[in-house]
Amino acid sequence: MDDLRELYQEVILDHNQNPQNFGRLEAATHSGDGYNPLCGDRLSLTLDVRGDSVNDIRFSGSGCAISKASASIMTTVVKGKTVVETESLFDAFHKLVTTGDAGDGELGKLAVMAGVHKYPVRVKCATLAWHTLKNCLSGKNEVAKTE
Amino acid sequence: MTETATLEPPAARTLPLDVESTRNDFPIFRNRSVENPFTYLDNAATSQTPRQVVDAVEAYYTQYNANVHRSIYAAGEEATEAYESARERVGSFIGAGDSHAVVFTRGTTEAINLVAYAWGRLNLREGDEILLTEMEHHSNLVPWQLTAQQAGASLRFIVEACFSEKTRIVSVIHQSNVFGTINNVHKITSLAKSVGAVTLIDAAQSVPHLHTDVSALDCDFLAFSGHKMLGPTGVGMLCGRTELLDQMEPFLAGGEMIRTVSLDSSTWNDVPWKFEAGTPNIAQAIGLGAAVDYLSHLGMETIHRHEAAVTEYALEKLEEMPEVTIYGSAPERGGVVAFNVDGVHPHDLSQLLDRDGIAVRAGHHCAQPIMDKLNVSATARASFYLYNDFDDVDRLTESIASSLEFMS
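The present account deals with the structure reproduced in this document.

### Thoughts on the packing of helix α11 (residues 300–319) of chain B against helix α14 (residues 390–407) of chain B
All names here are of chain B. Put simply, α11 and α14 touch, their axes get as near as 9 Å, and they point 25 degrees apart. Put simply, α11 runs roughly parallel to α14. Regarding α11 and α14, the two cross each other, and that crossing is right-handed. Counting all contacts with α11, which are made through V310, Y313, A314, K317 and L318, the residues of α14 involved are F390, V393 and T397. For the contact of α11 with α14, the residue count by class is 6 nonpolar, 1 polar and 1 charged.

Structure below.
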């Protein structure tokens, strides 16, 4: 099972068991849902965006350890970032989980998700929260799908 | 079920089939068992293929590859004979008598779509009702949604006293692909008959595992797939009452299914060829013929007893684990066990079991409505077949235990 430790890093297991920013914001400026039709994972995001920055964010839903940890880590990373910065992070994260390329350090603690690129089926789990965030911030009122 | 005492060690139990010798017929078990024995527990999704089926497919391609029903030369005649012989053997395997004809399709899904479209277009009108159960696979739900929309008919789901004169067709799953529940389809066909409704049985999960007799079930249509019963992918069958198939217009049109064609109109070939437009999956049909020969040789009653013993052992072992929740407890059940493990999402579990060479399904099993009803988004599912044994179950439960440790 040792090679699976690369996918399921301790940080990921910690976030899975103790997810950060779990729940809903009562006074959200943005909200949206994500759904992975292949496996049934569901995710809801609520955001408080002030000016052009993400002031606060919460997530809820059900999913595997990879999707839950990815959502949890994402909320801790994007808090305080501008909308433009989150878009750039989305692109860098997508590259990370599809190719393993961690770029020039912009990703910070998101880099623990690098192991996902060796498991193509799990890319959808890792990116569900990010697709949902992108939809929320671009004002698209539709359920984000990873298909 | 076998009459063994609870918690008796597996060594003291015997299985009806000699698994070691059976596995020798399936090259994949030798080829994939490198670090760990390949423990294949996803038979409800698709089954493995014995050498005898691969050989039959290969013989077609290497010895008599030609189109069927049209080639006036020896290889073509051999191909036609092999294809039609496969039809006859598969038909006789499910007890299709004189009243029914057997049509080769791509699989269960195409067979159900054929009936929903061709029978539905001819017979369904506004106000008519199509009766299903809530545990249908998407393949026996979505085609009826489309047909109902087009005809102005409505879908209903079996509860008490729902059979009425409005019921035109009752289409039900024989064995659930999620819980293994075996539905009393004979009772359902009798009730349907009493209100004059036509019946279709989705037998994708039952024909591979249970002795099936269409005459005894007294259904109008029965659909199943080859790849879940040791056959190749891309072939399945619709067994239908000849009288109804005769009345229905074709589902797909083109070559093979015609008798005469002019620029303006055409007439149709006889049943079953009327429903087999284009060049059929010849090699796959011949392979399916070899698969039913293999199953008949082992005997369907023996296969069923074997799977029942393995399933009973699996249920006992899983029930001993406090972290495991099993879904479905029907007394009449096949070799399918849906379960969840506290603290390990089924996708993670499937990934972790794979490290030990164990293949299970994780997800909604193409049955989202019943999963919603259970209020679970996904489960793991182990499903057994004639090459599984008690050791496979032991490997599964040991690997679940180590997965729990891994995730904590």
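### Regarding the nonpolar core
With 115 residues, the main nonpolar core has L222, A223 and I286 of chain B as its most contacted residues. The dominant element in this core, judged by the number of residues it contributes, is helix α10 (residues 282–298) of chain B, at 10 residues. The two domains that each donate at least three residues to this core are domain 1 (10–49 + 300–407) and domain 2 (54–297) of chain B. If sequence neighbours within four positions are ignored, L222 of chain B has contacts with I94, I201, A203, V214 and C239 of chain B. Among the nonpolar cores identified, the runner-up in size contains 32 residues, and L7, L45, V54 and L133 of chain A belong to it.

### Remarks on the interface of chain B and chain A
Contact residues are listed per partner, giving 11 residues for chain B and 12 residues for chain A. Of all the elements in the fold, those that place two or more residues in the side of chain B that touches chain A are α12 (346–354) and α14 of chain B. Per element, the largest residue contribution to the side of chain B that touches chain A is 3 residues, and it comes from α12 of chain B. Grouping the amino acids of the side of chain B that touches chain A by side-chain chemistry returns 4 nonpolar, 5 polar and 2 charged.

### Things to note about helix α3 (residues 51–63) of chain B
All names here are of chain B. Counted at 1.5 Å a residue, the expected span for α3 with its 13 residues is 18 Å, and the 17 Å between its end C-alpha atoms agrees. Considered for burial, the residues of α3 that qualify are V53, A56, V57 and Y60. Projected down its long axis, α3 shows its buried positions confined to an angular sector of 90 degrees, all on one face. The exposed residues of α3 that point more than 90 degrees off its buried face are T62 and Q63.

### Observations concerning α10 of chain B
Turn by turn, an α-helix covers 3.6 residues, leaving residues three or four places apart pointing in a common direction. Residue and element names in this part refer to chain B. Between its first and last C-alpha, α10 extends 25 Å over 17 residues, near the 24 Å set by a 1.5 Å rise per residue. Counting buried positions over the 17 residues of α10 gives 13, a clear majority of the element. One or two steps after α10, the chain reaches G299, where phi turns positive at roughly 95 degrees.

### A short note on the packing of α12 of chain B against α14 of chain B
Residues and elements named next belong to chain B. In the contact formed by α12 and α14, the axes pass within 10 Å of each other and the chain directions differ by 115 degrees. Considering how the two elements wind past one another, α12 and α14 form a crossing that is right-handed. Each of D348, L349, L352 and L353 in α12 lies in contact with α14, whose residues at this interface are S399, S403, F406 and M407. Partitioned by chemical class, the residues of the contact of α12 with α14 number 5 nonpolar, 2 polar and 1 charged.

### Focus on the sheet that holds strand β12 (residues 336–341) of chain B
Residues and elements named next belong to chain B. Strand order in this open sheet of 4 strands is β11-β12-β15-β14, and the pairing throughout is antiparallel. The open sheet is flanked by β11 (324–327) and β14 (361–363), the only strands paired with a single partner. Each neighbouring strand pair of the sheet contributes to a mean axis angle of 30 degrees, computed without reference to strand direction. Bridging between β14 and strand β15 (residues 379–383) involves 3 bridges; their strand directions are antiparallel. Along β15, the bridge assignment pairs R361 with R381.

### Examining the pairing of strand β3 (residues 53–62) of chain A
The two faces of the sheet receive side chains in turn, since in a regular strand these alternate between them. For strand β2 (residues 41–50) of chain A and β3 of chain A, the ladder comprises 9 bridges, and the chain directions are antiparallel. Bridged to D48 of chain A within β3 of chain A is D56 of chain A.

### Some remarks on the pairing of β12 of chain B
All names here are of chain B. With 6 of 6 residues buried, β12 is to be regarded as a mostly interior element. Of the two faces of β12, the one carrying V336, A338 and N340 and the one carrying V337, F339 and V341 are both buried. Pairing of β12 with β15, which is carried by 4 bridges, proceeds in the antiparallel orientation. For V336, the partnering residue across the bridge sits in β15 and is S383.

Reading the values: rules and limits
Residues numbered from 1 in each chain as written. Chains lettered and ligands numbered in written order. Predicted model: local features only at pLDDT ≥ 70, side-chain atom pairs only at ≥ 80, totals over all residues. Axes fitted to C-alpha atoms, helices over the stretch in contact; angles between N-to-C directions. Helix = DSSP H or I, 4+ residues; strand = E, 2+ residues; numbered from the N terminus. Parallel < 35°, antiparallel > 145°, perpendicular 65-115°, else oblique. Left-handed = near helix turned anticlockwise from the far one by under 90°. Contact = placed C-beta atoms within 7 Å. Nonpolar A, V, L, I, M, F, W, Y, C, P; charged D, E, K, R; others polar. Core = buried A, V, L, I, M, F, W, Y, C linked by C-beta atoms within 7 Å. Buried ≥ 20, exposed ≤ 12 C-beta atoms within 10 Å, placed from the backbone. Domains from an automatic or database assignment. Expected span 1.5 Å × (residues − 1). Arc of directions from axis to C-beta. Pairing = 2+ DSSP bridges.

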